[in-house]
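So you can see what is in the structure, the chains are spelled out below.
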Amino acid sequence: MHDIRAVRADPAAFDAALARRGLPPVSAELLTLDSSRRAAQTTAQEAQARRNALAKEIGQGKRNGADTTALEAEATGLRARMEGLDAEAKAAEEAQTRILEALPNLLDPDVPEGADESGNVVLHQHGEIPSVAFTPKQHFELGEALGGMDFATAAKLAGSRFTVLRGHLARLERAIGQYMLNLHVDEHGYTETVVPLLVNDATMYGTGQLPKFAEDLFRTTDDRWLIPTAEVPLTNTVRDEILPEAALPLRLAALSPCFRSEAGSAGRDTRGMIRQHQFTKVEMVSITAPEQSAEEHERMTRCAERVLTELGLTWRRILLCSGDTGFGAAKTYDLEVWLPGQGAWREISSCSNCRDFQARRMNARFKPKEGKGNQFLHTLNGSGVAVGRALIAVMETHQQADGSIAIPAVLRPFMGGLEAIPAA
């Protein structure tokens with residue numbers, strides 16, 4: 001959500017910021033509605049003041065035995081007029097809100113220009129693309145050969161874009177999630193949190209999924225929503241709260257299932273586990289004061305990068321361009337991992353600074369140590385990382401010529417000391 005006062009102060013700058021997103025100008029429409037709302041409210045206040053004065057005149061007249069019929073008729077007319085003005089102000093405000101809530105966040109100045117992902121900028125790369133003496137297989141080829149990845153049974157149970165994992169691969173997925181959560185909690189200072197997987201409309205609205213992205217979500221018959229990421233409930237824990245500045249930054253992490261309808265992805269990544277309706281992810285959320293959020297964004301991204309390094313993966317950090325940055329983000333770093341079986345880079349983590357965009361939707365504020373008034377918080381979120389994609393990356397990166405999979409050292413304690421998943 002955006003501050004209408006900022007639009008009033010510099011409408012041209014607001015429209016220019018939207019143009020970076022490829023959107024048409026809206027400030028003129030917003031300011032017309034804003035003027036209508038404020039005019040109606042001002043007139044209603046004037047009418048209320050006149051009614052208050054009339055009430056005194058009527059009371060005084062009745063005590064003196066005077067005829068107050070005309071005064072009472074004027075007061076009745078003012079009441080009807082005020083009801084109309086209130087309705088007019090409410091309609092203008094609701095129309096203004098509908099426009100504002102559908103607009104994406106404004107981008108940070110250092111976000112590069114670009115129409116789509118081709119405009120993204122590679123900032124740095126860790127590791128070299130591995131060269132092996134055999135033709136590497138994709139994760140689903142490895143998984144099916146091992147008997148631990150079953151797409152046919154999953155389709156029977158639930159339809160497409162689901163997977164059944166068994167045996168060593170099921171344990172390896174669990175190991176990856178436990179390792180990542182422990183790392184973020186024990187060494188990176190995040191507070192482990194267990195969150196509801198079903199949330200209400202207000203929660204989805206607070207982080208920007210509603211109303212714009214309803215088709216990407218799963219909804220239950222009792223009007224709850226399955227979370228697309230733990231970012232949603234984690235961030236909304238501060239909704240309608242006023243935190244003391246001393247409590248910031250607040251860092252939360254959760255390992256949870258995530259559910260996405262994948263609307264519009266027909267024909268994309270239909271083989272394997274790349275794009276699923278249900279997947280597991282470790283999510284990091286930070287709640288900060290405004291002056292902390294830029295450095296917190298860097299810190300959060302480094303936390304995710306450490307996971308990839310310790311898993312022995314080749315990865316790179318990408319700064320998303322204006323045309324590829326998500327709805328709620330002011331700036332986003334994607335981490336991409338090299339998948340030898342696919343011979344391609346694939347996203348495995350996305351870390352975003354949302355500035356005060358979500359906080360305004362949630363009415364989430366903090367009380368500064370010095371100065372008067374409360375300020376909106378800044379919110380950040382990042383994958384730390386997607387468990388299923390980490391499983392894919394580990395399988396493809398650490399596969400051996402005989403079809404076995406070497407287990408990274410950091411995962412072995414969670415695998416009962418197993419050093420490799422043996423070939424079938």
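No experiment lies behind these values; they were computed from the predicted model shown. (Residues numbered from 1 in each chain as written. Predicted model: local features only at pLDDT ≥ 70, side-chain atom pairs only at ≥ 80, totals over all residues. Heavy atoms only, no water.)

J.: Quick rundown of the packing of aromatic side chains? Include the residues and the values.
T.: On inspection of all chains with the given rule, the structure shows 3 aromatic pairs. Residues Phe327 and Phe357 carry aromatic rings whose centres are separated by 5.6 Å and whose planes lie at 80° to one another, so their mutual orientation is edge-to-face. Placement of Phe327 in the loop between strand E11 (315-319) and strand E12 (331-339) and of Phe357 in helix H11 (residues 357-362) is noted, with a sequence separation of 30 residues between them. Each member of the pair, Phe327 as well as Phe357, is classed as buried. Seen in terms of ring centroids, Trp338 and Trp345 are 5.5 Å apart; in terms of plane orientation they differ by 70°. Their pairing is edge-to-face. Trp345 shares its class with Trp338; the two are buried. Three or more aromatic residues joined by ring pairs make a cluster, and in this case those are Phe213, Phe327 and Phe357. Positioned above the aromatic ring of Tyr205, the side-chain terminus of Arg361 is 4.3 Å from the ring centre. (Phe/Tyr/Trp six-rings, centres within 6.5 Å; stacked < 30°, edge-to-face > 60°. Helix = DSSP H or I, 4+ residues; strand = E, 2+ residues; numbered from the N terminus. Buried < 20%, exposed > 50% of the residue type's maximum accessible area, 1.4 Å probe, protein only. Lys NZ or Arg CZ within 6 Å of the ring centre and 35° of its normal.)

J.: Explain the pairing of strand E13 (residues 344-353) to me, and be specific about the residues and the numbers.
T.: Across the 10 residues that make up E13, a large majority, 8, are buried. Where E12 folds back onto E13 in an antiparallel hairpin, the turn is made up of 4 residues, including Gly343, whose phi is positive at roughly 65°. Sheet topology places E13 next to strand E16 (residues 378-386); 3 bridges connect them, and they run antiparallel. Bridge pairing links Cys351 to Gly382 in E16. (Pairing = 2+ DSSP bridges.)

J.: Please set out the environment of Thr397 residue by residue, giving values where relevant.
T.: Take Thr397: it is sitting in helix H12 (residues 387-397). Taking the C-alpha atoms as reference points, Thr397 and His297, separated by 100 residues in sequence, lie 28 Å from one another. Separated by 2.8 Å, the side chain of Thr397 and the backbone oxygen of Ala393 make a polar contact. (Polar contact = N/O pair within 3.5 Å; in protein donor to acceptor, adjacent residues only side chain to side chain.)

J.: For the sheet that holds strand E10 (residues 278-288), give the residues involved together with the corresponding values.
T.: Taken in spatial order, the 8 strands line up as E1-E11-E12-E13-E16-E10-E9-E4 in an open sheet, and their pairing is mixed. Each edge of the sheet is formed by a strand with only one pairing partner; in this case those strands are strand E1 (121-126) and strand E4 (191-192). Strands E1, strand E9 (250-259), E10, E11, E12, E13 and E16 of the sheet are contacted by helix H10 (residues 293-310), whose axis makes an angle of about 5° with E16. (Contact = heavy atoms within 4.5 Å. Axes fitted to C-alpha atoms, helices over the stretch in contact; angles between N-to-C directions.)

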